[in-house]
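Structural overview
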Amino acid sequence: VVSLFCFEWYIYNIVYTLPMLKVWAGDELKFAIARTVLFNFFWLLAMWSYARSALTDPGMIPKDWAHYMREWESTGVRGVADRDWDLKKTTMCYSCGQRR
């Protein structure tokens, strides 16, 4: 994914914008510079967002869940299987037979 981000940056800034700076003049040049700054700003935001999501710990199962699972194993199904999921009730799915 990082290589795709870098490829995108390279194509826009080096292959497209840099050679065109010699051609653009006046208001067209100002618009091109503003567009390039805007592109790089959003590119940095996208890279930052990706890095934060890729490097963030996904977390773990809540500690309370182990308590409810032990209770379920000792007493059986505690709730009626319905479409509403509740952390305080462990139920059995009627269609697949899995605990939820």
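The structure we're discussing is the one just above.
Presented here is an overview of the structure given in this document. None of these values were measured; they are calculated from a predicted model. (Residues numbered from 1 in each chain as written. Predicted model: local features only at pLDDT ≥ 70, side-chain atom pairs only at ≥ 80, totals over all residues. Heavy atoms only, no water.)

Things to note about the overall build of the protein chain
In plain terms, the rule: Secondary structure elements are defined from DSSP: runs of H or I of at least 4 residues count as helices, runs of E of at least 2 residues count as strands, and each element is numbered from the N terminus. We call two residues in contact when some of their heavy atoms are within 4.5 Å.
Helices and strands together make up the secondary structure of the protein chain, namely three helices and zero strands. Each helix and strand of the protein chain, ordered N terminal to C terminal, gives the series α-α-α. Expressed as a percentage of contacts within the protein chain between residues at least 6 apart in sequence, the contacts between residues at least 24 apart total 33%.

Let's talk about the packing of aromatic side chains
The criterion, for reference: To pair, rings of Phe, Tyr and Trp, with the six-membered ring standing in for Trp, must have centres within 6.5 Å; the planes then decide the type, stacked if under 30 degrees apart, edge-to-face if over 60, and tilted in the middle. Residue exposure (1.4 Å probe, protein chains only): buried if accessible area is under 20% of the type maximum, exposed if over 50%, otherwise partly exposed.
Going through the model one piece at a time under the given rule, you end up with six aromatic pairs. Seen in terms of ring centroids, Y16 and W24 are 5.9 Å apart; in terms of plane orientation they differ by 70°. Their pairing is edge-to-face. The exposure class of Y16 is partly exposed, given its relative accessible area of 37%. A relative accessible area of 9% means that W24 is categorised as buried. Following the ring pairs from residue to residue traces out a cluster consisting of Y12, Y16, W24 and F39.

Looking at the nonpolar core
Heads up, the rule is: Here the nonpolar core consists of buried residues drawn from Ala, Val, Leu, Ile, Met, Phe, Trp, Tyr and Cys, with membership extended through side-chain atoms lying within 4.5 Å.
If you look at the biggest cluster of nonpolar residues, it comprises five residues: F5, Y12, F39, W43 and M47. Listing elements by their share of this core, those giving two or more residues are α1 (2-20) and α2 (27-55). Looking at which element gives the most residues to this core, the answer is α2, with three residues. For M47, the contacting residues outside a window of four places in its chain are V2 and F5.

What to know about α1
Stated formally: For a helix, the expected span equals 1.5 Å multiplied by the number of residues minus one. To get the bend at any residue, fit one axis to the seven residues that end at it and another to the seven that begin at it, then take the angle between the two axes.
For α1, built from 19 residues, the straight-helix expectation of 27 Å at 1.5 Å per residue is met to within 8% by its first-to-last C-alpha distance of 26 Å. If you look at α1, its biggest bend is around 25°, right at Y10. Buried residues of α1: F5, Y12, N13 and T17, and no others. As for α1, its buried residues are in contact with α2.

Some points on α2
Helix length check: α2, at 29 residues, gives a terminal C-alpha distance of 42 Å against a target of 42 Å (1.5 Å per residue), a fit within 8%. Along α2, the positions that sit buried rather than exposed are A32, T36, F39, N40, W43 and M47. Buried positions along α2 lie against α1.

Looking at a nonpolar patch on the surface
Threshold: Residues with no salt bridge and a relative accessible area higher than 30% make up the patches, which join like charges within 9 Å and nonpolar side chains (Val, Leu, Ile, Met, Phe, Trp, Tyr) within 5 Å. Using the Shrake-Rupley algorithm and a 1.4 Å probe, accessible areas are obtained, with residue cover drawn only from the displayed protein chains. Salt bridges are defined by distance alone: a side-chain nitrogen of Lys or Arg within 4 Å of a carboxyl oxygen of Asp or Glu.
A surface patch of nonpolar side chains, amounting to about 890 Å² of accessible area, comprises F7, W9, Y10, I11, I14, V15, L18, L21, I33 and V37. For the nonpolar patch, the elements supplying multiple residues, two or more each, are α1 and α2. With seven residues, the single largest contributor to the nonpolar patch is α1. Of note, W9 is situated in helix α1. Given the relative accessible area of 33%, W9 is considered partly exposed.

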